[in-house]
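Below are the chains, spelled out letter by letter.
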Amino acid sequence: MTKDKLLLLDGNSLAYRAFFALPLLTNDSGIHTNAAYGFTTMLQRILEEEKPTKMLVAFDAGKTTFRHDTFTEYKGGRQKTPPELSEQFPYIRKLIDAYGIKRYELEMYEADDIIGTLAKEAATQNMDVIIVSGDRDLTQLATEQVTVYITKKGISEIEKNTPAFIEEKYGLTPLQIIDMKGLMGDASDNIPGVPGVGEKTAVKLLKEHGSVEALYEAIDTLKASKMKEKLVANEEQAHMSKKLATIFTEAPIEVSLADLAYNGPNEEELINVWQELGFKSLIEKSDFVVEEEERAPFAYEIVEDVKPEQLKDTMAVHVELEDEHYHTCQQLGLALTDGTDTFYVTFENAAKSDTLRLWLEDATKTKYMADSKASQAALKRAGIKLAGVEFDLLLASYINNPALSGDDVATLARDLGYRDVQANESVYGKGAKRAVPEQDVLAEHVSRKAFAVWTLQPKLETLLRENEQFDLYKNLELPLASILSEMESEGITVNRATLEKMGQELGEKLTVIEQDIYAEAGEAFNINSPKQLGVILFDKLGLPVIKKTKTGYSTAADVLEKLKPEHAIIEHILLYRQLGKLQSTYIEGLLKEIHEDDGKVHTRFQQALTSTGRLSSTDPNLQNIPVRLEEGRKIRQAFVPSHENWILFSADYSQIELRVLAHMSEDKNLVEAFREGMDIHTRTAMDVFHVSADEVDSDMRRAAKAVNFGIVYGISDYGLSQNLDITRKEAAIFIEKYLASFPGVKGYMDNIIQDAKFNGFVTTILNRRRYLPDITSSNFNLRSFAERTAMNTPIQGSAADIIKKAMIDMDARLKKENMQAKLLLQVHDELIFEAPQEELAMLEKIVPEVMENAIALAVPLKVDVNYGATWYEAK
DNA sequence: TCTTTCACG
DNA sequence: ACGTACGTGAAAGAT
């Protein structure tokens, strides 16, 4: 075995050094990061150069130490730690943890004492010890085995203090450094020493006498001088100062050297912290992704034809796809395992196997899968109707913690401590280098995924049961996955010709506006470039700057709106932006997504993505098709039923979020308003402005509506003031009046924040969780954000729970009624169906009925329905 | 790949 | 004093 090398770091001192050495850097969330960054670069360099086998970072604990018993003013008169540094300590601790380095602090002792104690102990065990600090005091610990590294010039250079180096520099032994401190004192620690004695005199006296004690024993032999008088007068103080400067090497520490083994960082955790802090350059430089750990050997078989006896009653099945676009991409292969035997079959062979097809379609055969929605869609394209899915790794992980990003099996598995599966990126490569590997590699990869799913199934189900989330997962998300898969595969028809005609007209309008803008600007430029536009508006035309982004002038719509009276160009730019958006995103973007074979678009609903429980929609996003402005709304004319004489039918919840709030807050006033079926914004205006219903004018209702939105979002006076374009004070008064009228809401908001602080998470009606680690942060921004999230997530998330439940009930009802109507889309509080005209009356009856009774609240749920020949008409 | 802008609930 | 409304996705330009 090689000799152990112990690295001991003085955490506080190095953080201070890094803080003062670097300019104040901030990341996107507004936290300062300079100390954390300096600390990290220092750590990286030392790890690389020294390759220690054991490590510890010591911190000072609390304000008082045993030294204060000796001298109450020890470290007195010190500047308070700057808050910009204080806020970084939690991150520095996180970093150290992610590096897998032990950290330690001990009540009543300083970091020095911990380091001294461990260094001494390690030396007796013949380890090499390196101490790293910014504080010269530590050099007293140098011995043949212990080297003390002191940072110089901020953090860029390191001075290696060996006994020989100290001898050369001062002519003293390391232990005499203590005596030197005793005589000369230390201003930064408020150690007095002997007044009038500085470094030079101290060194001279010590070279002659050896130590403070020896000096005073021989004090009578000194020639009478001012110096001698001072020494005599301050003898007590000199002894005390030496005592204060002495690092205590017998501290009652509770860590042993064996605990300090350093085995390298937890790469994922480290990347996470770096990401949080915004250390992009470090992430790029790191070769973490490339460095793959060894996986345990794994047995699997590649089969050409699946034999009936290989298919058990319960198996994990993984369908490997070329990429995430499961409606179009190539299906590569399937792996199945029962925990004992694992086999892989190419998708081509799988699709040919009747044995396998029948098993996959058999609802009595239990399947555990990684992403059942994707698998169901991909299998369906081969004519296989997947049934019997009883476990979905992606959904279970998402319910367990919605903050986890990524849908790769390796990522999900790793989070649960399972490492025997490779990341897709390391099997396929990334970017231009991405490619499907040779069959052996692919087969093993896919087999390992199936095996991971098999292994993790009991683990996750236990976790979900412990948190009382099993029901949410098993009876809501899992059946929903299958419904969503059908919706996606069904798709919605988009009329290409309608879009192309709109595109033509838009193009002509845009050309005209573009010329107007160039004329008004006096030159041609790229209107779509905020940078170029900023130069034209604010430099060339000299318009007032209202808001800045971190890269330059803001040219966002709310800013331009304020500039409208200043110059005619503004109106044209706003119109250009509006129409340009329609053209690029909705006309051109949507056209690209229409499938040639069926004239439909097939979105993918992300079911395991949002932190609140909502769905999201991609390729194309069908949850943000324009509706608010008429020009954009026309896009909806292109969305049509897939058969003649069919209709599109839409049903949306009215004020679902405020109803959820009424239910959860049990606010009497709010509950009553909904029970009486009042217009909630008018009612709010009545309460806030103290007027009767017929006195509420449109401005009052508008303000009340904004307040209601604010309440749902986690109110702040600033946010409301921005929205209504009023002062913060006025906004604060609105909020105050609102909360006075709805005291139950105020109580609920206060409680939810308290709960979040206590539990670390908030929950929805169906027990969906969102963890909020920042709710106790000392950083104002992070904490405030977490508080608003704590208020908003139960509302938004519960509304999501309700509509998901409604989708499941609706699916069952349509089947029960034997209807042809199909659910096509979900847009958060709205469901869109297509159906034969003959089913209209039935839909008008059952859709509101099912949706309104999805989950019983303390207030009624209300659903409005519309229908028409296009989505535009179904408004 | 990140930033800005803007579409939706 | 702090500097934001909550949750998303797509396109374009800048880097």
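All of these numbers come straight from a predicted model, not from anything done at the bench. (Residues numbered from 1 in each chain as written. Chains lettered and ligands numbered in written order. Predicted model: local features only at pLDDT ≥ 70, side-chain atom pairs only at ≥ 80, totals over all residues. Heavy atoms only, no water.)

1. Quick look at the overall build of chain A
The helix and strand inventory of chain A stands at 36 helices and 23 strands. Once the C-alpha set of chain A is aligned to its principal axes, its extents read approximately 120 × 75 × 60 Å. When the 875 residues of chain A are sorted by exposure, 51% land in the buried category. At a minimum sequence separation of 6, the contacts of chain A that also span at least 24 residues come to 67%. (Helix = DSSP H or I, 4+ residues; strand = E, 2+ residues; numbered from the N terminus. Buried < 20%, exposed > 50% of the residue type's maximum accessible area, 1.4 Å probe, protein only. Contact = heavy atoms within 4.5 Å.)

2. A few points about the UniProt feature "domain: DNA-directed DNA polymerase family A palm" (unreviewed entry) in chain A
The sites that carry the UniProt feature "domain: DNA-directed DNA polymerase family A palm" (unreviewed entry) are, in the present numbering, residues 632-839. Taken as a whole, residues 632-839 contains 59% helix and 13% strand, while its terminal C-alpha atoms sit 30 Å from one another. (UniProt positions renumbered as here; feature names shortened; annotations may be inferred.)

3. A few points about the protein's contact with DNA strand B
Every one of the 23 residues lining DNA strand B counts as a neighbour, but Arg-577, Lys-581, Val-627, Arg-628 and Asp-829 are closest to it. The share of sugar and phosphate among atoms of DNA strand B within 4 Å of the protein is 73%. Contacts to DNA strand B include Asp-829, whose side-chain N or O atom sits 2.5 Å from a sugar or linking oxygen. With three residues, the top contributor of residues to the surface near DNA strand B is helix 26 (residues 568-593). When grouped by side-chain class, the residues that make up the surface near DNA strand B number eight nonpolar, eight polar and seven charged. (Near = heavy atom within 4 Å. Polar contact = N/O pair within 3.5 Å; in protein donor to acceptor, adjacent residues only side chain to side chain. Nonpolar A, V, L, I, M, F, W, Y, C, P; charged D, E, K, R; others polar.)

4. So, the pattern of salt bridges
Tallied over the entire structure, the rule returns 45 salt bridges. Between Glu-110 and Arg-67 there is a salt bridge, with its nearest N and O atoms 3.1 Å apart. Taken together, the residues Glu-110 in the loop between strand 3 (102-105) and helix 6 (111-124) and Arg-67 in helix 3 (residues 67-70) connect sequence positions 43 residues apart. Comparing Glu-110 with Arg-67, the two get one shared label, buried. When the shortest N-O distance is used, the salt bridge between Glu-159 and Lys-169 registers 3.5 Å. Of this pair, Glu-159 sits in strand 6 (residues 157-161) while Lys-169 is found in helix 7 (residues 163-170), placing the two residues ten residues apart along the sequence. Judged by relative accessible area, which is 7%, Glu-159 ranks as buried. A single network of salt bridges, built from pairs that share partners, joins Glu-477, Arg-768, Asp-801 and Lys-804. (Salt bridge = Lys/Arg side-chain N within 4 Å of Asp/Glu carboxyl O.)

5. Details of the protein's contact with DNA strand C
With respect to spatial proximity, 37 residues lie near DNA strand C, and among them Asn-526, Ser-529, Ser-616, Phe-780 and Arg-788 are the closest. Sugar plus phosphate: this is where 60% of the atoms of DNA strand C within 4 Å of the protein reside. Between DNA strand C and Ser-529, the relevant distance is 2.6 Å, taken from a phosphate oxygen to a side-chain nitrogen or oxygen of the residue. In the model, a sugar or linking oxygen of DNA strand C is placed 3.5 Å from a nitrogen or oxygen of the Tyr-713 main chain. Residue assignment for the surface near DNA strand C shows that the elements contributing at least two residues are helix 24 (530-540), helix 26, strand 16 (616-618), helix 31 (698-713), helix 32 (717-724) and helix 35 (780-816). Element by element, the count of residues in the surface near DNA strand C is highest for helix 35, at seven residues. For the surface near DNA strand C, the per-class residue count stands at eight nonpolar, 22 polar and seven charged.

6. Quick look at unusual backbone geometry
Following Asp-619, the chain continues to Pro-620 via a peptide bond in cis, the omega torsion being -5°. Residue position: Pro-620 is located in the loop between strand 16 and helix 27 (630-633). Along the chain, Asp-619 turns up in the loop between strand 16 and helix 27. Here Asn-767, not a glycine, exhibits a phi torsion of approximately 70°, which is positive. Structurally, the position occupied by Asn-767 is in the loop between strand 19 (761-763) and strand 20 (769-771).

7. Notes on the pairing of strand 2 (residues 54-59)
The buried fraction of strand 2 is high, at six of six residues. Covered by surrounding structure in strand 2 are Lys-54, Leu-56 and Ala-58 together with Met-55, Val-57 and Phe-59, the residues of both alternating faces. Where strand 1 (residues 5-10) lies against strand 2, five bridges are found, and the strand directions are parallel. Looking at strand 2, one finds that Leu-8 is bridged to Leu-56. Pairing of strand 2 with strand 3, which is carried by four bridges, proceeds in the parallel orientation. (Pairing = 2+ DSSP bridges.)

8. Looking at the sheet that holds strand 3
Sheet architecture is open: six strands sit in the order 3-2-1-4-5-6, paired in mixed fashion. Each edge of the sheet is formed by a strand with only one pairing partner; in this case those strands are strand 3 and strand 6. Each neighbouring strand pair of the sheet contributes to a mean axis angle of 25°, computed without reference to strand direction. For strand 5 (residues 146-152) and strand 6, the ladder comprises five bridges, and the chain directions are antiparallel. When the bridges of strand 6 are listed, Tyr-149 appears paired with Lys-160. Against the sheet, helix 1 (residues 11-21) engages strand 1, strand 2, strand 4 (128-133) and strand 5, with an angle of about 60° to strand 1. Together, strand 1, strand 2, strand 3, strand 4 and strand 5 form the strand contacts of helix 6, whose direction differs from that of strand 1 by roughly 170°. (Axes fitted to C-alpha atoms, helices over the stretch in contact; angles between N-to-C directions.)

9. Comments concerning helix 18 (residues 393-400)
With eight of its eight residues buried, helix 18 lies for the most part within the structure. Listed in full, the buried residues belonging to helix 18 are Leu-393, Leu-394, Leu-395, Ala-396, Ser-397, Tyr-398, Ile-399 and Asn-400. The inward-facing, buried residues of helix 18 abut strand 11 (366-369), strand 12 (389-392), helix 19 (409-415), helix 21 (439-466), helix 22 (470-490) and strand 20. Regarding helix 18, its N-cap is Asp-392, as a side-chain oxygen of that residue lies 3.0 Å from the backbone nitrogen of Leu-394 further along.

10. A few points about the side chain of Glu-461
If you trace the backbone, Glu-461 turns up in helix 21. Not counting chain neighbours up to four residues away, the residues in contact with Glu-461 comprise Glu-390, Phe-391, Phe-470 and Tyr-473.

11. So, the packing of aromatic side chains
One pass over the structure, following the stated rule, counts 19 aromatic pairs. Ring centres 6.0 Å apart and planes at 15° place the aromatic pair Tyr-109 and Phe-248 in the stacked group. Taken together, the residues Tyr-109 in the loop between strand 3 and helix 6 and Phe-248 in the loop between helix 12 (235-245) and helix 13 (267-277) connect sequence positions 139 residues apart. The exposure class assigned to Phe-248 is partly exposed, which follows from its relative accessible area of 31%. Members of the aromatic cluster, joined through ring pairs, are Tyr-368, Phe-391, Trp-454, Phe-470 and Tyr-473. When the ring centre of Tyr-326 is taken as reference, the NZ or CZ atom of Arg-604 above it lies at 5.8 Å. The cationic tip of Lys-875 hangs over the ring face of Tyr-872; the distance from NZ or CZ to the ring centre is 5.2 Å. (Phe/Tyr/Trp six-rings, centres within 6.5 Å; stacked < 30°, edge-to-face > 60°. Lys NZ or Arg CZ within 6 Å of the ring centre and 35° of its normal.)

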